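# A structural walkthrough
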Amino acid sequence: MSSKPAENSIWQIYYLPEQKANLDRDFLPWDNTVNARPEWREYWVFRQAQEKGLLRGPGLKGIFSWKFREKMGLSGAQAKKFREDHPGYDLYLFNPFPLEALFHKNMWLQSQSFHPDFISISEQVMNGAGIATSLQALTHSPQKVVFCNY
């Protein structure tokens, strides 16, 4: 992994050596086999990318799971073509579970269904940061929400 990424740099994380064979050639490999904080899961990679400055500069940057193709049903070439066919955005989201938006009125409630106390803890953090809100009351448009982003 170079310290100066190309203008458009999309990485694909792998955690075990045998996962490397599943990586898409249209993404850059991110070797996370030696993760100093495995309990942080993907956050460790995101933090390392930020600290190394890999997310700075012009162009699009992204970090995907080694299971991107399996979960999204898209290849790296198809993801790239989508971005090229829809230029001018600062952010591109790939949502493998679009139907989740029909079952949960917002991402906080969806998260709560998998992680008890998620809303309570999140509201405490937000209140501590001076952001008073009721996360249960929010509504997210199905066209503008991603519940599981790879």
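Please read all numbers here as calculations on a predicted model, not as lab measurements.

Conventions used here
- Counting restarts for each chain, with residues numbered from 1 along the sequence as it is written.
- Two thresholds apply to this predicted model, a pLDDT of at least 70 for residue-level local features and 80 or more for giving and counting side-chain atom pairs, whereas whole-chain, interface and lining totals are computed over all residues.
- Computation of side-chain values covers all heavy atoms of the structure but excludes hydrogens and water.
- Going along the chain from the N terminus, every DSSP run of H or I of four or more residues is numbered as a helix, and every run of E of two or more is numbered as a strand.
- Only protein chains enter the accessibility calculation, which uses a 1.4 Å probe; a residue whose area is less than 20% of its type maximum is buried, one above 50% is exposed, and one in between is partly exposed.
- Directions are taken from the helix axis to each C-beta atom, and the arc is the one they span.
- Any two residues whose heavy atoms approach within 4.5 Å are treated as being in contact.
- Pairing of N or O atoms within 3.5 Å defines a polar contact, subject to two protein rules: one partner must be a possible hydrogen donor and the other a possible acceptor, and residues neighboring in sequence count only if both atoms are side-chain atoms.
- Every angle, taken between N-to-C directions, lies between 0 and 180 degrees, and every axis is a line fitted to C-alpha atoms, over only the stretch in contact when it is a helix.
- Relative orientations are named as follows: roughly parallel for angles under 35 degrees, roughly antiparallel for angles over 145 degrees, roughly perpendicular for angles from 65 to 115 degrees, and oblique for any other angle.
- Stacked, tilted and edge-to-face are the three classes assigned to paired rings of Phe, Tyr and Trp, where Trp is represented by its six-membered ring and a pair needs centres within 6.5 Å; plane angles under 30 degrees give stacked, over 60 edge-to-face, the rest tilted.
- DSSP calls a pair of strands paired once it identifies at least 2 bridges connecting them.

### Side note on the overall build of the protein chain
Of the regular secondary structure elements, the protein chain holds 6 helices and 3 strands. Counting from the amino terminus, the protein chain carries its helices and strands in the arrangement β-β-α-β-α-α-α-α-α. C-alpha extents for the protein chain along the principal axes are approximately 40 × 35 × 30 Å. Burial statistics for the protein chain: of 150 residues in total, 33% are counted as buried.

### Some remarks on helix 5 (residues 107-114)
Side chains that are three or four residues apart share a direction in an α-helix, a result of its 3.6 residues per turn. Turning to helix 5, its buried residues number three or more, namely Trp108, Gln110 and Ser111. Here the buried residues of helix 5 occupy an arc of 160° about the axis, which is enough to place them on one side. Tucked inside the fold, the buried residues of helix 5 contact helix 4 (100-103) and helix 6 (118-128). The backbone nitrogen of Trp108 has a side-chain oxygen 2.8 Å away, supplied by the residue at the start of helix 5, namely Asn106.

### Considerations on the side chain of Asn106
Here Asn106 lies in the loop between helix 4 and helix 5. Asn106 gets classed as buried once you look at its relative accessible area, which sits at 0%. In this structure the side chain of Asn106 is engaged in a polar contact, spanning 2.7 Å, whose partner is the backbone oxygen of Leu138.

### With respect to the packing of helix 5 against helix 6
At a minimum axis distance of 8 Å, the contact between helix 5 and helix 6 shows a crossing angle of 130°. When the axes of helix 5 and helix 6 are compared, the pair comes out oblique. Contacts between helix 5 and helix 6 involve Trp108, Leu109, Ser111 and Gln112 from the former and Phe118, Ile119, Ser122 and Met126 from the latter.

### Description of the packing of aromatic side chains
Evaluated as defined, the whole model comprises 12 aromatic pairs. Note on Phe27 and Phe64: the rings are 5.3 Å apart at their centroids and 80° apart in plane angle, and the pair reads as edge-to-face. Within this pair, whereas Phe27 is found in the loop between strand 1 (9-14) and strand 2 (28-31), its partner Phe64 is found in strand 3 (residues 61-64), the two being separated by 37 residues in sequence. Of the residues examined, Phe27 reaches a relative accessible area of 6% and is grouped as buried. Given a relative accessible area of 10%, Phe64 falls into the buried group. Taking the centre distance of 6.5 Å and the plane angle of 85° together, the rings of Phe82 and Tyr92 count as edge-to-face. With Phe82 in helix 3 (residues 76-85) and Tyr92 in the loop between helix 3 and helix 4, the pair connects residues that are 10 residues apart, well separated along the chain. Taken together, the ring pairs connect Phe27, Phe64, Phe68, Phe82, Tyr89, Tyr92 and Phe94 into an aromatic cluster.

### Comments concerning the sheet that holds strand 3
Read across the open sheet, the 3 strands follow the order 2-1-3; overall the sheet is parallel. Two strands close off the open sheet at either side, each with one partner strand: strand 2 and strand 3. On average, adjacent strands in this sheet sit at an angle of 30° to one another, irrespective of strand direction.

That is the geometry; function is a separate question.
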